[in-house]
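An overview of the molecular structure
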Amino acid sequence: MEQYKHIRQAAYEANMQLPALGLVIFTFGNVSAADHQLGVFAIEPSGVPYGELSPEKMVIVDFDGKVVDGRLRPSSDTPTHAVLYRHWEQAGGIVHTHSTYATAWAQSQRDIPIYGTTHADHNTVDIPCAPPMNDEMIAGDYEYQTGFQIMDTLTQRGLSYLEIEMILVGNHAPFTWGATPAKAVYNSAVLESLAQMAHLTESINGNAPRLKASLVKKHYERKHGPGSYYGQ
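Let us look at the structure shown here. Since this is a predicted model, take the numbers as computed values, not measurements. (Residues numbered from 1 in each chain as written. Predicted model: local features only at pLDDT ≥ 70, side-chain atom pairs only at ≥ 80, totals over all residues. Heavy atoms only, no water.)

**Comments concerning helix α1 (residues 5-20)**
Cut-off, in case you're wondering: Helix and strand labels come from DSSP, where a helix needs a run of H or I of at least four residues and a strand needs a run of E of at least two; each type is numbered from the N terminus. Expected helix span is computed as 1.5 Å times (number of residues minus one). Buried, partly exposed and exposed residues are distinguished by accessible area as a fraction of the type maximum, computed with a 1.4 Å probe on protein chains only: under 20%, between the cut-offs, and over 50%, respectively. In this description, one arc is meant: the one made by directions from the helix axis to the C-beta atoms. Any two residues whose heavy atoms approach within 4.5 Å are treated as being in contact.
Over its 16 residues, α1 extends 23 Å from the first C-alpha to the last, a length consistent with the 22 Å expected when each residue adds 1.5 Å. Within α1, the full set of buried residues consists of Ile 7, Arg 8, Ala 11, Ala 14, Asn 15 and Leu 18. The arc enclosing the buried residues of α1, seen along the axis, measures out at 140°, which places them on a common side. Of the exposed residues in α1, the ones pointing more than 90 degrees away from its buried face are Lys 5 and Ala 20. Tucked inside the fold, the buried residues of α1 contact β1 (29-35), β2 (40-43), β3 (59-62), β4 (67-69), β5 (93-97) and α7 (181-204). Following α1 by one or two positions, Gly 22 has its phi on the positive side, about 75°.

**What to know about the side chain of Thr 153**
Relative to the assigned elements, Thr 153 resides in helix α6 (residues 142-157). Setting aside its immediate chain neighbours within four residues, Thr 153 contacts Pro 128, Ala 130, Pro 131 and Ile 167.

**Section: the sheet that holds strand β8 (residues 174-178)**
What counts is decided by this rule: Think of it this way: DSSP has to see at least two bridges between two strands before they count as a pair. Fitting a line to C-alpha atoms yields each axis, with helices limited to the stretch in contact; the angle taken between N-to-C directions then spans 0 to 180 degrees.
Strand order in the open sheet formed by eight strands is β4-β3-β2-β1-β5-β8-β7-β6, with mixed pairing between adjacent strands. This sheet does not close on itself; its edge strands, each paired only once, are β4 and β6 (129-130). Pairing geometry for strand β7 (residues 166-169) and β8, over three bridges, is antiparallel. What sits directly across from Leu 168, in β8, is Pro 174. Contacts from α7 reach β1, β5, β7 and β8, with the element oriented near 140° to β8.

**Remarks on the packing of helix α3 (residues 100-107) against α7**
For the record, the criterion: Note on angle classes: values under 35 degrees are labelled roughly parallel, values over 145 roughly antiparallel, values of 65 to 115 roughly perpendicular, and the remainder oblique. Each helix crossing is assigned a hand: it is left-handed if the near helix lies turned anticlockwise from the far helix by less than a right angle, otherwise right-handed if that turn is clockwise. Nonpolar residues are Ala, Val, Leu, Ile, Met, Phe, Trp, Tyr, Cys and Pro. Charged residues are Asp, Glu, Lys and Arg, and all others, Gly as well, are polar.
Close contact between α3 and α7 brings their axes to 7 Å; oriented N to C, the two are set at 65°. Comparing the axis directions of α3 and α7 gives the class roughly perpendicular. Considering how the two elements wind past one another, α3 and α7 form a crossing that is left-handed. Together, Thr 100, Tyr 101, Ala 102 and Trp 105 of α3 and Leu 191, Glu 192, Ala 195, Gln 196, Ala 198, His 199 and Glu 202 of α7 make up the contact between the two elements. Of the residues assigned to the contact of α3 with α7, the class counts are six nonpolar, three polar and two charged.

**Considering the pattern of salt bridges**
Applicable threshold: In what follows, salt bridge is the name for a side-chain nitrogen of Lys or Arg lying within 4 Å of a carboxyl oxygen of Asp or Glu.
In total, this model carries eight salt bridges according to the counting rule given. The partner of Asp 69 in a salt bridge is Arg 8, and the shortest N-O contact between them spans 2.7 Å. Within this pair, whereas Asp 69 is found in strand β4, its partner Arg 8 is found in helix α1, the two being separated by 61 residues in sequence. For the pair shown, Asp 69 and Arg 8 are each scored as buried.

**Remarks on the packing of aromatic side chains**
The description of two aromatic rings rests on the distance between their centres and on the angle between their planes. The test is simple: Between 30 and 60 degrees the pair is tilted, below 30 it is stacked and above 60 it is edge-to-face, where a pair is any two Phe, Tyr or Trp rings, Trp via its six-membered ring, whose centres lie within 6.5 Å.
Tallying each qualifying case throughout the model produces seven aromatic pairs. Where Phe 63 meets Tyr 85, the ring centres are 5.8 Å apart and the plane angle is 25°; that geometry is what we call stacked. In this pair, Phe 63 is assigned in the loop between β3 and β4 and Tyr 85 in helix α2 (residues 78-87), connecting sequence segments 22 residues apart. Taking relative accessible area as the criterion, Phe 63 reaches 13% and is therefore assigned buried.

Here is the structure:
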């Protein structure tokens, strides 16, 4: 339908960035684009190769996870996206990949430590890794529960989805989000780069120190907040 054209196009363009940026192979990922006024989001169809995608193939789903428009089945991760959009009013895009380095950290059940200024340009804290969900949650509606797993971890860490836009899900893979699908994809690429740099840092120096607080503050505030001065 014409009223969904904008989010179908946004979801399509964002999904096509995943293989272009080397964040997915085959169909190992998905991006959604939300319109909170309409109460729906567009997401890629399940199991369709990226080369066969088009804006028209994006599936429209409401925030309860029900298909509103589209001929194909939506991504199997759709319930996770739906839960997050229902609770996060300012999230306009969500990305899930199995990018190599970020997924390796998730499989290791480790937060990604803040070792350098590149990390501090985007976050002031370690990138959190949510613990693997319990057996009861796994046996239930797994993808639906993944959304709560993400939200609960942020709450327990005292973090807001507006402050940190990326997370690892233990033994699974990364999720990122942002005000737009494009920003969510940007965050996914940044997360993969930070994960790789942290891995290399520890391989060079297993006792590498975390970035000191003054540099964290300086680099984050260069790009964020009222005193920011990076960029045009």
